[in-house]
Amino acid sequence: MNCQQFQEVLPYTIESGGSAEEEEHLRTCPACAALVEDLRYIATQAKLLLPMHDPSPRVWTGIEQALRHQGLTQEGRLSLMGQTAVLPAQIRSWTPVGWVMAGAALMAFSALLIMYRPQLPQASSSAQNMSAQPAPLPADDQQLLRGVSQRAPDVSGAYEDSLREVNVYINDAEQAVAKDPQDAAAREQLLEAYQQKEMLYQMATARSLP
Amino acid sequence: MKPYAFVAGVGVISVLALGTVQAVAADTRKELRLDIAPGGTVNVVSSSGSVTVHGGAGHQVVAIYTTHSSKVEVDQSATPDKGRVELRTHALGDQPLTGDEAKVEYEITVPAGASVTVSTATAPITVEGLTGDVMLESDKGQIVVRNVARAHVHVRGVAAPVSLADIVNGHVEVTSSGGAVQMVNVSGSKVSVGTASGNITYRGDCSGGGSYAFTTHSGAIDVTLPETASVDLTARSVNGAVQNDFPLEAKAHPSFVPKSGSSFAGTSNSGLSSVELQSFSGRIRVKKQ
């Protein structure tokens, strides 16, 4: 499963939990994992916008008695507070404003799920979508694979997969070095990626020989 | 019993018996004994089947191999000084072989101190109990190395799973594109593993004051250390998550500024061995054994 396929089923994944395949993708793709985490956070926060229950009239009565006992309130104001406890509008457990806020939050959340398109890092995106639409291999790689296919067809698939993986590796490492030429770790990654490709060429060439 | 049923039964039994006889006849098991100079090299090249190499005594290489087709043979050769002995599976004729026809199973015993080089396409390679250098490569066949001491262990694989166990005082270098690499009790002056997408798993104490470097593009790195491990450890991932469950003391002068979730660094005990874990998008996890 690639990122595009995952994000197509994302609303259902958020709502009802993902399948094993979706969970596997989630474990291996930091970009999608971050997206799901963001959406779950939004969902949690949206719940806080739901209307709250008004306190029971007994609460108001208790406060009134306590304040009166301490001499902090006057009779007139207390009667007002006491009256609010018996107003018909306050007996309802949900306020109209709360309903409006809840509806707005749900609409905003739904729109976000539908419209959201994360800006994945290019390298990650290319790696994740590699299986969906493989990019053509460079001419040198194709020539190498032809040689392997002729002499050792049962391993040519392994070489093709590995060449694709290593090309993505080189591309990612080159971008990291271009972004920060002083990054020693990125330079080591680039060196490692080239060593991987060198190994593949050496082994494939040996496999292609008669 | 009806006559045609009897005839059919006899026919079936005859065909099965003939097939069995042919199959047995096609399986050829041979034993070779080849002299080798002290510290010499044994080179094995085969496509499919299996290659197993054990350490032994004496001054000879003992090779027992089984072929399953008359279309293949095993060539043997040795240099005049007996410094290098070679066994090579060779196809007879230009006809392409089926997978079963190309199979050859090797069981090889080499003297102590002899170096071993094995190259296969799909055949699994197993090497154990050697004290000489080991260089193994396979496209897809599993590579297993056990009980090797004071030796260079170089492994290369395309999609070959690699398993290393009980390698002491080694100089280990593994390059694997898609195959996972598992290590248990592997130590030495240098232990270097690089993969493109294969996972890397290490369980051991990284002892010996050596340099341990595990690098991957998209594979996961899992390192499990005992509390007694003396390591100077750094872990960095460009896009992957990094998690540490091992007690480390922060370094006074780290070579980079650790970033929560994507890198960390620290030492345990006296920090004798250097351990560097790097990934591009694979997750890295270090935990206590």
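Parameters and conventions
- Residues numbered from 1 in each chain as written.
- Chains lettered and ligands numbered in written order.
- Predicted model: local features only at pLDDT ≥ 70, side-chain atom pairs only at ≥ 80, totals over all residues.
- Pairing = 2+ DSSP bridges.
- Helix = DSSP H or I, 4+ residues; strand = E, 2+ residues; numbered from the N terminus.
- Axes fitted to C-alpha atoms, helices over the stretch in contact; angles between N-to-C directions.
- Parallel < 35°, antiparallel > 145°, perpendicular 65-115°, else oblique.
- Left-handed = near helix turned anticlockwise from the far one by under 90°.
- Contact = placed C-beta atoms within 7 Å.
- Nonpolar A, V, L, I, M, F, W, Y, C, P; charged D, E, K, R; others polar.
- Buried ≥ 20, exposed ≤ 12 C-beta atoms within 10 Å, placed from the backbone.

Caption draft 1: Structural context of the pairing of strand β14 (residues 181-195) of chain B. Residues and elements named next belong to chain B. Two strands pair when backbone bridges link them, and strand β13 (residues 162-176) and β14 are joined in this way by 12 bridges, in the parallel orientation. Opposite Val174, over in β14, you have Val193 as the bridge partner. Relative to strand β15 (residues 200-203), β14 runs parallel, the two being bridged by four bridges. If you follow Val184 over to β15, its bridge partner there is Arg203. By the bridge criterion, six bridges tie β14 to strand β16 (residues 211-216) in an arrangement that is parallel. What sits directly across from Val193, in β16, is Phe214.

Caption draft 2: The packing of helix α10 (residues 139-151) of chain A against helix α11 (residues 153-179) of chain A, seen in detail. Residue and element names in this part refer to chain A. At a minimum axis separation of 8 Å, α10 and α11 run at an interaxial angle of 160°. By the angle between their axes, α10 is roughly antiparallel relative to α11. Seen along the crossing, α10 lies across α11 with a hand that is right-handed. Between α10 and α11, the residues in contact are Asp141, Leu145, Val148 and Ser149 and Pro153, Val155, Ser156, Tyr159, Glu160 and Leu163, respectively. Split into classes, the residues belonging to the contact of α10 with α11 amount to six nonpolar, two polar and two charged.

Caption draft 3: Looking closely at the packing of α10 of chain A against helix α12 (residues 184-208) of chain A. All names here are of chain A. Where α10 contacts α12, the axes come no closer than 8 Å and their chain directions differ by 40°. Taken together, α10 and α12 sit at an angle that is classed as oblique. The element α10 and its partner α12 pack so that their crossing is left-handed. Here Leu144, Gly147, Val148 and Arg151 of α10 lie close against α12, whose contacting residues are Tyr201, Ala204, Arg207 and Ser208. Each residue belonging to the contact of α10 with α12 can be placed in one class, and the counts come to four nonpolar, two polar and two charged.

Caption draft 4: Inspection of the interface of chain B and chain A at higher detail. Taken together, the contact pairs 26 residues of chain B with 28 residues of chain A. When the residues that make up the side of chain B that touches chain A are grouped by side-chain class, the tally is seven nonpolar, 14 polar and five charged.

Caption draft 5: Broad picture of the environment of Ser208 of chain A. Residue and element names in this part refer to chain A. Here Ser208 shows up in helix α12. Here Ser208 falls in the partly exposed class, since 19 other C-beta atoms lie within 10 Å of it. With residues up to four places along the chain from it excluded, the contact list for Ser208 reads Gly147, Val148 and Arg151.

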